[in-house]
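The primary structure of each chain is shown beneath.
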Amino acid sequence: MTSTLFSELQSLLATHGQEHLLAHWDSLSPTHQDQLAKQIRRIDFGLLAKLRQTHDQPQKSSSSVTNAVAPPAVPIELCGTTRSQELRALGNQTLESGKVGMILVAGGQGTRLGFGHAKGLFPIGPISDRPLFQVLIDHLIAVRNRYHTAIPLFVMTSPATHEETVEFLAAHDRFGLPEDDLFLFCQGTMPVLDSRTGQILLEQRDRLCLSPDGHGGILEAFARTGCLAEAARRGIEHLFYAQIDNPLVQVCDPWLIGCHLQANSEMTTQVIRKQAPLERVGNVVSIDGRLQIIEYSDLSADSAHQTAPDGTLKLWAGNIGVHIFQRQFLERMAVSNDGLQFHQALKQTAYCDRQGRHVTPTQPNAIKFEKFIFDLLPAAQNAIVVEASRNTSFAPVKNADGEPKDTPAEAKQRMLDLYANWVAAAKIQMAENTQIEINPRFALDAQELASRIPPGHCFSGNVYLGPDRSFETSPAQGPAHPQ
Ligand code: UTP
C-alpha cells in the first residue's frame, strides 16, 4: 500500500523535479506519510512553474513607474468643514442602517516582530497591556454602541495563526463581541521555494514549507469560506478593511465611509502623507489615470525623491492598509479572471535539509509568493483616495523593539500622544508625568471624553480609562451624541 503511494508520488514529483520531498519517506510513520502525500497532491505545479518563469522580472515596469503622479485625493483640510459634516452624516446613516461590516486581516506570520505568536496576541495597550485583537475589537464595539448597530467582524487567519487565534478569542469571550457577529476564516497557502534551485522547501521531514498567500488571499478565501455570502445575507453593502498591526486605525470612520458613498466608489483607500521619500509604506499613485499602489521596494530612489513645485514630495500618498470595498465589487472580482497576481519576495526561511537537519539561514534563502489586496485598486470603478492624519490613524507594529522604526514602543507612544491631545482638547487637567490610555468604549473622541469627566478633575500617574470606569458628572453633561 505504502509502496504504491510512494511510487505514485515519486512519478508525480519526478515530472516536476521535486523528488527530494520524499527524501525522508522511509523514516516517517504511515500517518505522517499520509499527511505529506496530501500536501504534495495539493500543489499546483503548473502555477509554480509559471511563477518561476516570471521570477527576476520586475513587478512593475520602470516606464509605468516613471509615469506615476500623485493621486487625486480628498484632502484632510476638508475634514471639519460644513461639507465634511454632510459626508459624516451620510456615513452615520449607513452605519445606523446596518449596511457596514468589517474585515480584519490577521493571517501574516509577523516574522519581523519576532513575537512567536500570532500578532493579534501582542500586548500593545501602553498602560492596559491589551492585546492588538482587544484594542481593535474594543474600538469596533464602541462604534457599534454609538450607532446602535451590529457590525459583523470577519477575521482572516492563516494556518500559521488560525488555531491560536480561535483559542485566544474563545478564551476571552471574543472580548465582548457577540458570537453571531464574529467569523474567522482561514486563507490559503503557497509552497516556499529554495531561491537557488527552485525546489520546494521542507519545513519538517513530513511537512512542506508553506506560507500564507498574502493579504490578497482574502479575495479567494472570503468567497470560498462562505463569508462573502454571509455578508450578502445580512444586507452588508460595504466592508471596512483593516490590518491587525495598526492599533490606531479609525475603525469604520463615518467620514471615510461618507466620502466612499458620495463618490459611489467600489474601493476607497485611506492614505497618509509620507514622512520621508523612502518611508517603508506602499505609494498610492495614479498611472495613466488609474489608481494603483507601488510597493516601496519597487520605487527607485530617484522617483521617490521627486518633489512638486512647492517643494513637497511628489509621490506623497502612503498606503496604510485601510480600505472600504463595495461588497458587489468583491463578488465580481472573486470570480474574475483578472483577479490578483502573485508577487515574489526573497525571505529568510528556516527549513529541513536532505539529511533531516533543521537549518536556520542567516541570509535570505527562499522565495515566497503573496497576493496584495491593493492590487484590486486599478480594477475598481470610481476608486477614491482619502487623506488622513498620521497622528490619529497610523501606528504600525512591524518590527521588534530596538529596531529604528515601526516598533511596539513607537506605537504605544503614538497612542499616548493621541490621548494626551484629546485630554487637552477636552480641557481636562493632567499632573506632570501623567500618562493616560483611553479605551474607545470609554470615549471614542475628545468630545465624548469631555462629556464623561467632571470639570476640574485632575489625573495623575498612569491612568487607564476602561469601559467600566465611571465619574460623577453634573446633570447638564450627558453622553456625547454622534457628530
Ligand atoms: P505584513 O505584510 O506587514 O506582514 O502584513 P506580517 O506577516 O504582519 O509581518 P512580516 O512581514 O512577516 O514581518 C500586513 C497585514 O496583512 C496581514 C497581516 O496579518 C497584517 O495584518 N497578512 C499578511 C495576512 O493576513 N496574510 C498574509 O499572508 C500576509
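The structure contained in this document is the topic of the report that follows. (Residues numbered from 1 in each chain as written. Predicted model: local features only at pLDDT ≥ 70, side-chain atom pairs only at ≥ 80, totals over all residues. Heavy atoms only, no water.)

Quick look at the overall build of the protein chain
Next, step 1: In terms of regular secondary structure, the protein chain is built from 15 helices and 23 strands.
Next, step 2: The C-alpha atoms of the protein chain give a radius of gyration of 24 Å, which matches the 23 Å a tight globule of 483 residues would have.
Next, step 3: Counting all 483 residues of the protein chain, 51% fall into the buried class.
Next, step 4: Summed over its atoms, the accessible surface of the protein chain is roughly 21,900 Å², and 48% of this surface lies on carbon and sulfur atoms. (Helix = DSSP H or I, 4+ residues; strand = E, 2+ residues; numbered from the N terminus. Rg over C-alpha atoms; globule rule 2.2 N^0.38 Å. Buried < 20%, exposed > 50% of the residue type's maximum accessible area, 1.4 Å probe, protein only. Areas by Shrake-Rupley, 256 points an atom, 1.4 Å probe, with all protein chains shown as cover.)

Observations concerning the sheet that holds strand E18 (residues 366-371)
Next, step 1: Pairing within the open sheet is antiparallel, and its three strands lie in the order E6-E18-E15. Of all strands in the sheet, those bounded by a partner on one side alone are strand E6 (193-194) and strand E15 (342-347).
Next, step 2: Bridge count for E15 against E18 is six bridges, and the pairing is antiparallel. Looking across to E18, one finds that Lys347 is bridged to Ala366. (Pairing = 2+ DSSP bridges.)

Let's talk about helix H7 (residues 162-171)
Next, step 1: Within H7 the residues assigned to the buried category are Thr165, Phe168 and Leu169. The buried residues of H7 occupy an angular sector of 95° when the element is viewed end-on, so they sit on one face. When the buried face of H7 is taken as reference, the exposed residues oriented beyond 90 degrees from it are Glu163, Glu167 and Ala171.
Next, step 2: In this fold, the buried residues of H7 make contact with helix H6 (132-147), strand E3 (153-157) and strand E4 (182-186).
Next, step 3: Asp173 lies just past H7 and shows a positive phi near 45°. (Arc of directions from axis to C-beta. Contact = heavy atoms within 4.5 Å.)

Some details on the packing of helix H5 (residues 82-96) against helix H10 (residues 254-262)
Next, step 1: In the contact formed by H5 and H10, the axes pass within 7 Å of each other and the chain directions differ by 95°. Taken as axis vectors, H5 and H10 run roughly perpendicular relative to one another. Contacts between H5 and H10 involve Arg83, Ser84, Leu87, Arg88, Leu90, Gly91, Asn92, Thr94 and Leu95 from the former and Pro254, Trp255, Ile257, Gly258, Cys259, Leu261 and Gln262 from the latter.
Next, step 2: Its residues assigned to classes, the contact of H5 with H10 shows eight nonpolar, six polar and two charged. (Axes fitted to C-alpha atoms, helices over the stretch in contact; angles between N-to-C directions. Parallel < 35°, antiparallel > 145°, perpendicular 65-115°, else oblique. Nonpolar A, V, L, I, M, F, W, Y, C, P; charged D, E, K, R; others polar.)

Digging into the site of the ligand
Next, step 1: Taken together, 18 residues lie near the ligand, and Gly107, Thr111, Arg112, Gln187 and Lys398 sit nearest.
Next, step 2: Here Val105 contributes a backbone N or O atom positioned 2.9 Å from an oxygen atom of the ligand.
Next, step 3: One nitrogen or oxygen atom from the side chain of Lys119 is found 2.9 Å from an oxygen atom belonging to the ligand.
Next, step 4: Protein contact buries 90% of the 570 Å² of open area that the ligand shows by itself. (Near = heavy atom within 4 Å. Polar contact = N/O pair within 3.5 Å; in protein donor to acceptor, adjacent residues only side chain to side chain.)

Quick word on helix H12 (residues 327-334)
Next, step 1: Within H12, burial applies to Arg327, Phe329, Leu330 and Met333. On an axial view of H12, the arc spanned by its buried residues comes to 160°, and they lie on one face.
Next, step 2: Buried positions along H12 lie against strand E2 (100-105), helix H8 (218-224), helix H9 (227-233), strand E10 (238-243), strand E11 (267-273) and strand E14 (317-326).

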